[in-house]
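Below, each chain spelled out in residue letters.
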Amino acid sequence: MTTPSPLNAPLPPGRWALALHGGAGTIARSSAEAEAPYHAGLRAALAAGEAVLVQGGSALDAVVATVVALEDCPLFNAGHGAVFTADETHELDAGLMDGATRAAGALAGVRSLRNPILGALELMRDGRCVLMGGAQAEAWCAARGVVQVDPSYFSTAARRAQLHAVRARDAEAMLLDHHAAALKMGTVGAVARDRHGHLAAATSTGGMTNKRAGRIGDTPLVGAGVWAADGHCAVSTTGTGEHFIRGCVAHDVHARMAYGAQGLVDAAQAAIRDALAPLGGSGGLVAVDADGRIAMPYNSTGMYRAWAREGEAAHSAVFEPLFLR
């Protein structure tokens, strides 16, 4: 049985729904004052997506606008707030999917795109391939006007301090130390249903602190870190990427709905509980279905998230679960 919630109820036709996450992990509880900047960042990104949807814009444009705002906020591990690799560089990944056409675009290991999600969008629109990586992807995006920045743009004092904290511990132990996960992982993402009933999802990340250079997680992989299919669901994930890849967690939500006749909330919870957790994975996801229901399950201590549905108040949260985990 699912926990009763207004978000379990379908929206009337012609109304939009939007949900986002700013990463999941072992997030330490702190004062309301300390958490306030994170809530402000989540709400600002939510407002960017809402601004598209209230004008009748597409779910795809809404999730891109939302993720751009999160990439521009240094509090979250994407874009400007990206973490450092073991080589003290930044390698960013992003992916998105349009539920109406199941078109997708993704970039991996880019170092100079101010907003990787915009490069992924350009690649999706081009349509000749789904995933590109490294310098070739940067050059391709630059030729199409995607804004480039000096890599120093991504270097922040807070992320460098995290790198030093991780290096102060034994690297192998850190991989299994869930109490230190907040130092390592983080992703941003958004899902939406627009007024026409179309779905879309987008995900972006700087990866894991002190990750091996060249490592690629679940974020740019269709079916693992991002998924959208009209009539079923749009999903964006966050957490220990290797486990999300092995569990195909984003698509697992879709499969449980399409082939197992589960509702969104049951399918999303089951994907975290039965596809992710048995592999040792930690994290969560945000998802929306064709009727505007929203699910945001996680098995970590917390997950930065925010959501709104047309005609209802907007909300943001870090710890308080909306549904049983």
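Scroll up to find the structure this text is about.
Residues numbered from 1 in each chain as written. Predicted model: local features only at pLDDT ≥ 70, side-chain atom pairs only at ≥ 80, totals over all residues. Heavy atoms only, no water.

Caption draft 1: Local environment of the sheet that holds strand β8 (residues 233-239). Pairing within the open sheet is antiparallel, and its four strands lie in the order β7-β8-β9-β10. The two strands at the open ends of the sheet, each matched to only one other strand, are β7 (226-229) and β10 (294-295). Summarising the sheet, β8 and strand β9 (residues 283-289) pair through seven bridges and their orientation is antiparallel. Each bridged residue has a counterpart across the sheet, and for S236 the counterpart in β9 is V286. Across the sheet, helix α9 (residues 264-276) touches β8, β9 and β10, and the angle it forms with β9 is around 155 degrees. (Pairing = 2+ DSSP bridges. Helix = DSSP H or I, 4+ residues; strand = E, 2+ residues; numbered from the N terminus. Contact = heavy atoms within 4.5 Å. Axes fitted to C-alpha atoms, helices over the stretch in contact; angles between N-to-C directions.)

Caption draft 2: Here's a closer look at the sheet that holds strand β12 (residues 315-317). With mixed pairing, eight strands are arranged side by side in an open sheet as β4-β3-β2-β6-β5-β1-β11-β12. Because the sheet does not close on itself, it has two edges, and the strands there are β4 (131-133) and β12. Strand after strand, the sheet turns through a mean of 10 degrees between neighbouring axes, direction not considered. The pairing of strand β2 (residues 92-98) with strand β3 (residues 103-110) spans six bridges and is classified as antiparallel. Residue pairing in the sheet places L96 in a bridge with G105 of β3. Docked against the sheet, helix α1 (residues 32-53) engages β1 (17-25), β5 (188-193), β11 (302-309) and β12, running at close to 150 degrees with respect to β1.

Caption draft 3: Representation of the packing of aromatic side chains. Throughout the structure, instances matching the rule amount to four aromatic pairs. Taking 5.2 Å as the distance between ring centres and 75 degrees as the angle between the ring planes, the aromatic pair formed by Y153 and F154 counts as edge-to-face. Judged by its relative accessible area of 19%, Y153 is buried. (Phe/Tyr/Trp six-rings, centres within 6.5 Å; stacked < 30°, edge-to-face > 60°. Buried < 20%, exposed > 50% of the residue type's maximum accessible area, 1.4 Å probe, protein only.)

Caption draft 4: Quick peek at empty space enclosed by the protein. Inspection of the entire model under this criterion finds two cavities of 30 Å³ or more. Taken as a whole, the largest cavity spans an internal volume of roughly 70 Å³. Around the largest cavity, the lining comprises twelve residues; the ones closest to its centre are T187, T205, R215, D218 and G239. Among the residues making up the lining of the largest cavity, the classes are represented as two nonpolar, eight polar and two charged. (1 Å grid on protein atoms, 1.4 Å probe; cavity = no way out; pocket = protein on both sides within 12 Å on 5 of 7 lines; lining within 4 Å. Points joined across faces, edges and corners; volume = space filled by probe spheres on them. Nonpolar A, V, L, I, M, F, W, Y, C, P; charged D, E, K, R; others polar.)

Caption draft 5: View of the pattern of salt bridges. Inspection of the entire model under this criterion finds 13 salt bridges. A salt bridge links R309 to E312; its shortest N-O distance comes to 3.0 Å. Through salt bridges with shared partners, a single ionic network connects E88, R160 and R167. (Salt bridge = Lys/Arg side-chain N within 4 Å of Asp/Glu carboxyl O.)

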